[in-house]
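So you can see what is in the structure, the chains are spelled out below.
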Amino acid sequence: MVPPHKGASVKLDEVRFAYPGGQAMRFDLLVPASEIVALMGPSGSGKSTLLNLIAGFERPGSGEVLIGKADVTRLPPFQRPVSMVFQENNLFSHLTVEQNVGLGRSPSLRLSQADRAAVNEAIVKTGLAGKEKRLPQALSGGERQRVALARVLVRQRPVLLLDEPFASLGPALRDEMLDLVAELHREQAMTILMATHDPHDAERLSNRLVFVENGTIAASGATSEFLAGKGPAAFARYLGERRLSR
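About the criteria used
Residues numbered from 1 in each chain as written. Predicted model: local features only at pLDDT ≥ 70, side-chain atom pairs only at ≥ 80, totals over all residues. Heavy atoms only, no water. Helix = DSSP H or I, 4+ residues; strand = E, 2+ residues; numbered from the N terminus. Rg over C-alpha atoms; globule rule 2.2 N^0.38 Å. Buried < 20%, exposed > 50% of the residue type's maximum accessible area, 1.4 Å probe, protein only. Contact = heavy atoms within 4.5 Å. Areas by Shrake-Rupley, 256 points an atom, 1.4 Å probe, with all protein chains shown as cover. Lys, Arg positive; Asp, Glu negative; His and termini not counted. Charge placed at Lys NZ, Arg CZ, Asp CG, Glu CD. Core = buried A, V, L, I, M, F, W, Y, C linked by side-chain atoms within 4.5 Å. Pairing = 2+ DSSP bridges. Phe/Tyr/Trp six-rings, centres within 6.5 Å; stacked < 30°, edge-to-face > 60°.

### A closer look at the overall build of the protein
Of the regular secondary structure elements, the protein holds eight helices and 10 strands. Over its C-alpha trace the protein gives a radius of gyration of 18 Å, about what one expects of a compact globule, namely 18 Å for 246 residues. Along the longest, intermediate and shortest principal axes, the C-alpha atoms of the protein span 50 × 40 × 40 Å. In the protein, which comprises 246 residues, the proportion classed as buried is 51%. In the protein, the proportion of contacts linking residues at least 24 apart, taken out of those at least 6 apart, comes to 68%. A total of about 11400 Å² of accessible surface is found on the protein, and carbon and sulfur atoms cover 50% of it. Considering the protein, the positive charge centre built from 30 side chains and the negative charge centre built from 26 side chains are found 4 Å apart.

Okay, structure coming up:
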């Protein structure tokens, strides 16, 4: 059964941004609700900046960021209908698994009975049952990322941003985490944008690929076509030895 659309469209309309003394960037992008998009491109090309503009960690010099029909350009991150998972997973070292997940429901950790039930369900779904009272330092890298994903689950936001969250994991564990994200998407149908350098990640999770180069979106299209060599020459040069060798 296909779940109802719970995702929201994401649109960057003539968004311009530059770090002090840095390269001028311009992004025009439309991601339909519930689509999964992989962002690929060289380091420093602007992938993380694009995600940060959507999340609200950076603000454009001009242009608009729209999520659904709402203009969120000037809203702070906590007011945007977005969850984000970083490579560092952003867990609080002094809080348990249960508490770190609970932050997704309440920053003060004042949880209702319904909140606690949602936290417990997310912990079970992400394979962390029995580890509720552990601190992050007692977890493996993969388990810490599971905590971050469980927190995403309880937030139930329509947009999920992934900034190379599995880059430090080995191939088998990485595949396991990508499959978990795919399962979460089947359940919640959120819109997903994932920055990655690994074509295997893009192939396994996304149906559309966006190539970011020199601070702009150079090309986009079906992931399968890009990875079959039908993308632009610049993407083929970037990919080089990254081609699906695993």
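### Quick look at the nonpolar core
Core analysis: the biggest nonpolar cluster contains 45 residues, and V101, L149, L209 and F235 have the highest contact counts within it. Of the residues forming this core, the biggest block, seven residues, is contributed by helix α4 (residues 141-155). In contact with L149, other than residues within four places in its own chain, are V85, T126, F166, M177, L180, V181 and L184. Counting 29 residues, the second-largest nonpolar core is a separate cluster that includes L12, L50, I54 and A195.

### A few points about the pairing of strand β7 (residues 159-163)
Across the five residues of β7, five count as buried, placing the element largely inside the fold. Burial along β7 is two-sided: V159, L161 and D163 facing one way and L160 and L162 facing the other are all buried. By the bridge criterion, five bridges tie strand β6 (residues 82-86) to β7 in an arrangement that is parallel. Across the sheet, the residue bridging to F86 is D163, located in β7. Note: β7 against strand β8 (residues 191-195), five bridges, orientation parallel. From the neighbouring strand, L162 faces β8, where its bridge partner is M194.

### Considerations on the environment of P42
Here P42 shows up in the loop between β3 (36-40) and α1 (47-55). For the pair P42 and I192, spaced 150 residues apart in the sequence, the C-alpha separation amounts to 20 Å. Those residues in contact with P42 that sit more than four places away from it in its chain are K47, H197, F211, V212 and Y238.

### Concerning the environment of P136
Relative to the helices and strands, P136 is located in the loop between α3 (113-125) and α4. Excluding residues within four positions of it along the chain, P136 makes contact with L91, F92, S93, L95, N100 and R144.

### Some details on the pairing of strand β4 (residues 62-67)
As judged from the five bridges shared by strand β1 (residues 10-17) and β4, these two strands associate in the antiparallel manner. Looking at the pairing, L12 lines up with V65 of β4. Pairing of β4 with strand β5 (residues 70-71), which is carried by two bridges, proceeds in the antiparallel orientation. By the bridge assignment for β5, I67 is matched with A70.

### Quick look at the packing of aromatic side chains
By the definition in use, this model includes six aromatic pairs. Here the aromatic rings of F17 and Y19 are separated by 4.7 Å at their centres, their planes lie at 90 degrees, and the arrangement is edge-to-face. The class of F17 is buried, set by a relative accessible area of 10%. For Y19, a relative accessible area of 33% corresponds to the partly exposed category. Every member of this aromatic cluster is reached through a ring pair, and the members are F211, F226, F235 and Y238.

### Some details on unusual backbone geometry
Unlike most non-glycine residues, A189 shows phi in positive territory, near 55 degrees. Inspection of the secondary structure puts A189 in the loop between α5 (171-188) and β8. Even without a glycine there, the phi angle at N214 is positive, about 55 degrees. By the secondary structure assignment, N214 is in the loop between β9 (208-213) and β10 (216-222). On the basis of relative accessible area, N214 is assigned to the exposed category, the value being 53%.

### Description of α1
Of all nine residues in α1, eight are buried, a share of seventy percent or more. Two residues or fewer after α1 comes G56, characterised by a positive phi angle close to 100 degrees.

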